[in-house]
Amino acid sequence: MKGDRFPVLEIFGPTIQGEGMVIGRKTMFIRTAGCDYSCSWCDSAFTWDGSGKEDIRWMAPEKILEELDRLGAGTFDHVTLSGGNPALLGGLGKLIDSLHARGWSVALETQGSRWQDWFAAIDDLTLSPKPPSSGMETDWRVLDAIVGKLREVPLSEERHRKDGPAGEEHSFRKPAARQGGTAGENTVAAGSRGRLPDGRNARGTSVSLKVVVMDDADLAYARTVHLRYPGVPFFLQPGNPDVAEEDQGRLLHGLLGRYEWLVGCVMEDRSMRNVRVLPQLHTWLWGNRRGV
Ligand SMILES: C[S@@+](CC[C@H](N)C(=O)[O-])C[C@H]1O[C@@H](n2cnc3c(N)ncnc32)[C@H](O)[C@@H]1O
Ligand SMILES: Nc1nc2[nH]cc(C(=O)O)c2c(=O)[nH]1
Ligand code: SF4
Ligand SMILES: [Mg+2]
């Protein structure tokens, strides 16, 4: 962040959200530059590998709004922040406030490696921790803390609650999870606390987990994530291994096969019952094109 400006690589839309919890939703995208990960199969590597360096624009919220207005021309009411990892940008709360002030809902795509206080202002928040095929390693303590914080109910509301003994109110995690460092051995309980009937927490943030699956090891990782955070809406997404493929027919053929494989695996899996398996719909429609 430079002053109140943010490194922006792309602003595009309106398009449909192609993935996860709000798939199909008409939205605009703001893609920020920079990532703390370097996933082997990243479909947006230009945000962090130096190849998009020349395209970075340092933009103040007003300029971003101007561009959204120009491109979207009153046809949208939802904006998605993605990257790179937008969670690297501490001051993004300012931009989110100005998007909300226009009456637009705001979604975030992040891998769950960093917390920002402005997460609480997001309407649709997707955490996408990375499986072994990415080459990245999950810091479970950080992810536990993020999921835990997103479930917190503001203290003022807790004071009004009559159920449950005092002192237990903010404890969403089972005691063992506080020492947790190993995948699978702990769970962060969803419980009814901190969640309203429509799946949003008391702050209005709807949270989901989305794991990309390329192979069997990734599927085992996905299982671990789902079991660790029961009650958090869970999405599985087949990985696209051919992010440079320009032949759309060939790409789609491969993606359909991978989706079919993943659906088959999940159907016979007793530990993945309340889950959703979704493709990257935008790649089915538009292949590996940027800005769609
Ligand atoms: C480009 S990332 C940016 C946001 C954030 N860094 C993250 O990874 O969640 C947006 C989404 O695309 C997914 N993604 C990236 N490369 C992919 C690929 N080759 N196949 C399937 N999904 C991919 C990520 O897992 C993430 O859910
Ligand atoms: N249409 C569309 N849907 C998306 N969902 C997540 C995307 C991303 O790159 O973060 C993405 C994207 O780039 N385009
Ligand atoms: S975390 Fe997201 S943006 Fe960063 S390298 Fe991985 S997929 Fe790409
Ligand atoms: Mg993408």
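It should be noted that the structure appears before, not after, this text.
Residues numbered from 1 in each chain as written. Chains lettered and ligands numbered in written order. Predicted model: local features only at pLDDT ≥ 70, side-chain atom pairs only at ≥ 80, totals over all residues. Heavy atoms only, no water.

Chemist: Describe the pattern of salt bridges, listing the residues and the values that go with them.
Modeler: Overall, the coordinates contain 14 salt bridges when judged by the stated rule. Across the pair Asp-77 and Arg-25 runs a salt bridge whose closest N-O atoms are separated by 2.8 Å. Of this pair, Asp-77 sits in the loop between helix 1 (61-72) and strand 4 (78-82) while Arg-25 sits in the loop between strand 1 (6-16) and strand 2 (26-32); the two residues are 52 residues apart in sequence, bridging distant segments of the chain. When its relative accessible area of 30% is taken as the criterion, Arg-25 is described as partly exposed. As a salt-bridge pair, Lys-63 and Glu-66 come within 3.6 Å of each other at their nearest N and O atoms. In this pair, Lys-63 and Glu-66 are both assigned in helix 1, three residues apart and thus about one turn of the helix distant. The partly exposed category is assigned to Lys-63, whose relative accessible area is 47%. Glu-66 sits in the partly exposed class, given a relative accessible area of 46%. By sharing partners, the salt bridges in this structure join Glu-10, Arg-31, Asp-55 and Arg-290 into a single network. (Salt bridge = Lys/Arg side-chain N within 4 Å of Asp/Glu carboxyl O. Helix = DSSP H or I, 4+ residues; strand = E, 2+ residues; numbered from the N terminus. Buried < 20%, exposed > 50% of the residue type's maximum accessible area, 1.4 Å probe, protein only.)

Chemist: Can you break down the sheet that holds strand 2 residue by residue, with the values?
Modeler: Across the sheet, nine strands lie side by side as 3-1-2-4-5-6-7-8-9; this open sheet has mixed pairing. Each edge of the open sheet is held by one strand with a lone partner, namely strand 3 (57-59) and strand 9 (275-277). Pairs of neighbouring strands in the sheet enclose a mean axial angle of 30°, with direction left out of account. Where strand 1 and strand 3 come together, three bridges link them in antiparallel fashion. Residue Val-8 lies in a different strand from strand 3, and its bridge partner there is Arg-57. Sheet strands in contact with helix 1 are strand 1, strand 2, strand 3 and strand 4, and its direction is about 25° off that of strand 1. Together, strand 1, strand 2, strand 4 and strand 5 (105-110) form the strand contacts of helix 2 (residues 92-101), whose direction differs from that of strand 4 by roughly 165°. (Pairing = 2+ DSSP bridges. Axes fitted to C-alpha atoms, helices over the stretch in contact; angles between N-to-C directions. Contact = heavy atoms within 4.5 Å.)

Chemist: Could you give an account of the site of ligand 1, with specific residues and numbers?
Modeler: In the vicinity of ligand 1 there are 21 residues, among which Trp-41, Gly-84, Gln-111, Lys-130 and Asn-240 approach most closely. A distance of 2.9 Å separates an oxygen atom of ligand 1 from a polar side-chain atom of Lys-130. Lys-210 places a side-chain nitrogen or oxygen 3.3 Å from an oxygen atom of ligand 1. In isolation ligand 1 has 540 Å² of accessible area, and contact with the protein removes 95% of it. Because more than half of its atoms lie within 2 Å of the grid, ligand 1 is assigned to the largest pocket. Listing elements by their share of the shell around ligand 1, those giving two or more residues are strand 5, strand 7 (206-213) and strand 8 (234-238). (Near = heavy atom within 4 Å. Polar contact = N/O pair within 3.5 Å; in protein donor to acceptor, adjacent residues only side chain to side chain. Areas by Shrake-Rupley, 256 points an atom, 1.4 Å probe, with all protein chains shown as cover. 1 Å grid on protein atoms, 1.4 Å probe; cavity = no way out; pocket = protein on both sides within 12 Å on 5 of 7 lines; lining within 4 Å. Sits in = over half its atoms within 2 Å of the grid points.)

Chemist: Just give me the short version of the nonpolar core, but keep the residues and values in it.
Modeler: Most often, soluble globular proteins keep nonpolar side chains buried together rather than apart. In terms of nonpolar packing, the biggest core is built from 49 residues, with Ile-30, Leu-68 and Leu-236 touching the most fellow members. The dominant element in this core, judged by the number of residues it contributes, is helix 3 (residues 140-151), at five residues. When near neighbours in sequence (up to four residues on either side) are disregarded, Leu-236 contacts Val-211, Val-213, Leu-219, Ala-222, Leu-262, Val-266, Met-272, Val-275, Arg-276, Val-277 and Leu-278. (Core = buried A, V, L, I, M, F, W, Y, C linked by side-chain atoms within 4.5 Å.)

Chemist: Tell me about the packing of aromatic side chains, and name the residues and values.
Modeler: In this structure the tally under the stated criterion is six aromatic pairs. Aromatic side chains Trp-115 and Phe-119 sit 5.1 Å apart centroid to centroid with 65° between the ring planes, which places their arrangement in the edge-to-face category. Assessed through its relative accessible area of 0%, Phe-119 is described here as buried. Aromatic rings pair up to connect Trp-115, Trp-118 and Phe-119 into one cluster. Between the NZ or CZ atom of Arg-290 and the centre of the ring of Phe-46, over which it lies, the distance is 3.7 Å. (Phe/Tyr/Trp six-rings, centres within 6.5 Å; stacked < 30°, edge-to-face > 60°. Lys NZ or Arg CZ within 6 Å of the ring centre and 35° of its normal.)

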